[in-house]
Amino acid sequence: MPVAGAQPVDPDEIWPQDVRAAIATAPCDANGPSAMDGNLAAQLNPQLATKMAGHLTAYRMSCARVVVDTVRARGLNRHAAAIAISTVIVETGIMNYSEAVDHDSLGLFQQRPSAGWCQPAQCIDPVFATNSFLNGMEREYPNGSWNNASIGDVAADVQRPAAQYRYRYGVEAGDAVVIADALWSGMGRRVHPYASGRVVSARSADGRLEAFAAGADGVYHAWQTAVNGGWSEWRFVGGPRGAQLGIAANGDGRLELFALSDSTFDHMWQSSPSGAWSGWANFGGGGYRVAVGANADGRIEVVASNASGVFHRWQTGAGWSAWEGLGGPSLSRLAMEAAPDGRLEVFALSDSTFQHLYQTSPNGGWSAWEDFGGGGRDVAVSHNQDGRLEVFASSHAGVFHKWQTGSTSWSGWEGTGGIANAELATGRSVDGRVEVFAINGDTAVHSWQQRPNSPYSGWETFGTGGAEVATGNNADGRIEVFGTSQAGVFHKWQTGFSTWSEWAWLNGSAGPGVS
């Protein structure tokens, strides 16, 4: 079995250090590799275990990015993306060969025009070639049955190598998951914001979840000690008391945490991707709520509300802009999401009104506020597998739902039932279905899309009452749910595609109480 840095046991396999890497290649992105492609390659190289370890480059990352974006645009999930990435690792070491390597094989997937895969020019078009591969996958595994098969088996069944070489795709499956997951999760390009609240969670560059909880005496921090694994003890890190928290990833993969109380606004950040955290630095005056996301070019955007309205501040490249007023409802609860083209959208819900604004172009200026509905208790937003946004709001009458019917059009509000005066959170299952969680002082409930981009189930009991609910996604896609009360922080996690653990303390200890 090959290991990192070793030569293959079968000499016909293309390895990154092989002389065949000098064969002519075509660009995968017409604009060439981006700076973010190079940053991401550097972050992922130490995480890889087999033949790509240490050999990811900005060019190879740009090719992997185009493959993953093509899978996403087709409406498939990250398992399909990992299958495709495993295949191009084996076939070419993620190189888009523009001259034949073996007979008439061309492109990332080494597809042969003589076998009907593509015309020569199509073979080296990474979007066409990826779709051609996915067509083959869906022929071999109809009705989505590839979801229940291993990455290595699916890739081998599509590519049909000699029997003695089938094993290659399974060997690269683990690294393919690392690469596909990083790109799928937004480390490479479009980034979907993490939700804000008294408890927040985000994934470090190495795939481990990190969690922060705002107690009455300051902020506490815990993190997974292994990818998809157990949790550290809580660590007190100080900062504002009783804060609202927001978290985002910088363009280089470092997480940054923002903590807003009624009297101060501070932030802290990782000194390196997945590394240690800085001390606190002042970020502004006090306020009410905060939401944080990343522009399409990777720069963080911070939005905060107070009694005067909504304000924002953004990374300029070398530092931060000054605060700038946006107008909007005062004392509003905030949520942020990213449209399919990377434009950020902000939703602001107060006791009496609900308004919405959006960037008029990726990385650009902001629209005027638009009326979005009446007032309520809490707001949460997510995105469908096809990119359309889903918005949930709660009030004394239950939980309501509104969704994009197109890139700029919205449905009306639709009642879902649910519980009164709920705090809300959304999560996304590994297949792209949106899941919704609601908690009040008496109970917690849960609803989910029955298929990607489809209607929702009825509400089911998810636990007892609490103060707030939040979600995160493990590196393997399983949702992790955090529930808070005055007793501390609990969590519950998917044990499979649709099965859940029982509630438990995050790490065997209660952690900070959140009222």
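Each remark here, short or long, concerns the structure printed above.
Values in this document were obtained by computation on a predicted structure and should not be read as measured data.

Notes on the overall build of the chain
- Across its full length, the chain holds 8 helices and 28 strands.
- Computed over its C-alpha atoms, the radius of gyration of the chain comes to 23 Å, within 12% of the 24 Å expected for a compact globule of 515 residues.
- Its C-alpha atoms give the chain principal-axis dimensions of about 70 × 45 × 45 Å.
- With 515 residues in all, the chain has 57% of them scored as buried.

Looking at the sheet that holds strand E23 (residues 443-448)
- The 4 strands are arranged E21-E22-E23-E24 in an open sheet whose pairing can be described as antiparallel. Single-partner strands in this sheet number two, and they are strand E21 (423-428) and strand E24 (460-464). Mean inter-strand twist for the sheet, computed between neighbouring axes without regard to direction, equals 25°.
- Here 6 bridges tie E21 to strand E22 (residues 434-439), and the two strands are oriented antiparallel to one another. Each residue of the ladder has a partner; that of Glu423, found in E22, is Ile439.

Observations concerning the side chain of Gln359
- The topology assignment puts Gln359 in the loop between strand E15 (353-358) and strand E16 (370-374).
- Those residues in contact with Gln359 that lie beyond four places of it in its chain are Asn295, Glu301, Gly342, Arg343, Leu344, Gly364, Gly365 and Trp366.

Quick notes on unusual backbone geometry
- A positive phi is found at Ile94, a non-glycine position, where the angle reads about 60°.
- Residue position: Ile94 is located in the loop between helix H3 (78-92) and helix H4 (120-123).
- The exposure class of Ile94 is buried, given its relative accessible area of 0%.
- You will see that Asn363, though not glycine, has its phi angle at about 65°, which is positive.
- Within the secondary structure layout, Asn363 lies in the loop between E15 and E16.

Observations concerning the sheet that holds strand E1 (residues 199-203)
- One open sheet holds the 4 strands; their spatial order is E1-E2-E3-E4, and the pairing between them is antiparallel. Pairing within the sheet leaves two strands with one partner each, and these edge strands are E1 and strand E4 (235-238). In this sheet, neighbouring strand axes are inclined to one another by 25° on average, regardless of whether the strands run parallel or antiparallel.
- Where strand E2 (residues 209-215) and strand E3 (residues 218-223) come together, 6 bridges link them in antiparallel fashion. For Gly215, the partnering residue across the bridge sits in E3 and is Gly218.

Section: the packing of aromatic side chains
- Scanning the model with the defined rule gives 22 aromatic pairs in all.
- Consider the rings of Trp231 and Phe482, whose centres lie 5.8 Å apart with planes at 90°: the pair is edge-to-face. With a gap of 251 residues between them, Trp231 in the loop between E3 and E4 and Phe482 in strand E26 (residues 479-485) connect regions that are remote in the sequence. For the residue pair Trp231 and Phe482, the accessibility class agrees, reading buried in each case.
- With centroids separated by 5.7 Å and ring planes inclined at 85°, the aromatic side chains of Phe462 and Trp503 adopt a geometry described as edge-to-face. Note that Phe462 is positioned in strand E24 and Trp503 in the loop between strand E27 (488-493) and strand E28 (504-505), a separation of 41 residues in sequence.
- According to the relative accessible area criterion, Phe462 is buried, its value standing at 5%.
- Members of the aromatic cluster, each reached through a chain of ring pairs, are Phe258, Phe265, Phe283, Trp320 and Trp323.
- The residue whose ring lies beneath Arg289 is Tyr288, and the NZ or CZ to ring-centre distance is 4.2 Å.
- Taking NZ or CZ as reference, Lys492 lies 4.2 Å from the ring centre of Phe462, over its face.

Considerations on helix H6 (residues 151-159)
- Of all 9 residues in H6, 7 are buried, a share of seventy percent or more.
- Buried within H6 we find Ile151, Gly152, Val154, Ala155, Ala156, Val158 and Gln159.
- Buried-residue contacts for H6 involve H3, helix H5 (126-140), helix H7 (167-171) and helix H8 (173-184).
- Where H6 terminates, the next one or two residues include Arg160, which has phi positive at roughly 55°.

A word on the state of the cysteines
- Tallying each qualifying case throughout the model produces 2 disulfides.
- In this model Cys28 forms its disulfide with Cys63; the gap between the sulfur atoms is 2.1 Å. Between Cys28 and Cys63 the sulfur-sulfur dihedral comes to about 85°; the bridge is accordingly right-handed. Of this pair, Cys28 sits in the segment before helix H1 (35-44) while Cys63 sits in helix H2 (residues 58-73), placing them 35 residues apart in sequence.

Structural notes on the nonpolar core
- With 52 residues, the main nonpolar core has Leu56, Met61, Ile85, Ile94, Met137 and Ile179 as its most contacted residues.
- The set of elements that each furnish at least two residues to this core consists of H1, H2, H3, H5, H6 and H8.
- For this core, the element with the most residues is H3, which contributes 9 residues.
- Setting aside chain neighbours within four positions, we find Met61 in contact with Asp37, Leu40, Ala41, Leu44, Leu56, Ile179 and Leu183.
- Counting residues in each nonpolar core, the second largest holds 14 residues, with Ala214, Ile247, Ala259 and Met268 among its members.

Rules used throughout
- All residue numbers refer to positions counted from 1 along the written sequence of the respective chain.
- Confidence filtering applies because this is a predicted model: local features only for residues at pLDDT of at least 70, side-chain atom pairs given and counted only at 80 or more, and all residues used for totals across whole chains, interfaces and linings.
- Based on all heavy atoms of the structure, the side-chain values leave hydrogens and waters out of the count.
- Numbering of helices and strands runs from the N terminus, with a helix taken as a DSSP run of H or I at least four residues long and a strand as a DSSP run of E at least two residues long.
- Every radius of gyration here is taken over C-alpha atoms, with the globule rule written as 2.2 Å times N^0.38, N being the number of residues.
- Exposed residues in this analysis have more than 50% of their type's maximum accessible area, buried residues have under 20%, and partly exposed residues fall in between, with area computed by a 1.4 Å probe over protein chains only.
- At least two DSSP bridges between two strands are required for those strands to pair.
- Only the contacting stretch of a helix is used when fitting its axis, a line to C-alpha atoms as for every element, and angles between N-to-C directions run 0 to 180 degrees.
- Note on contacts: a residue pair is in contact if any heavy atoms of the two residues lie within 4.5 Å.
- Within 6.5 Å between ring centres, the rings of Phe, Tyr and Trp (the latter by its six-membered ring) count as paired, and their orientation is classed by plane angle as stacked under 30 degrees, edge-to-face over 60, tilted in between.
- In this scheme, Lys NZ or Arg CZ marks a charge over a ring once it lies within 6 Å of the ring centre and within 35 degrees of the ring normal.
- In what follows, a disulfide is any cysteine sulfur pair within 2.5 Å.
- We define the nonpolar core as a collection of buried residues of types Ala, Val, Leu, Ile, Met, Phe, Trp, Tyr and Cys that are connected through side-chain atoms lying within 4.5 Å of one another.

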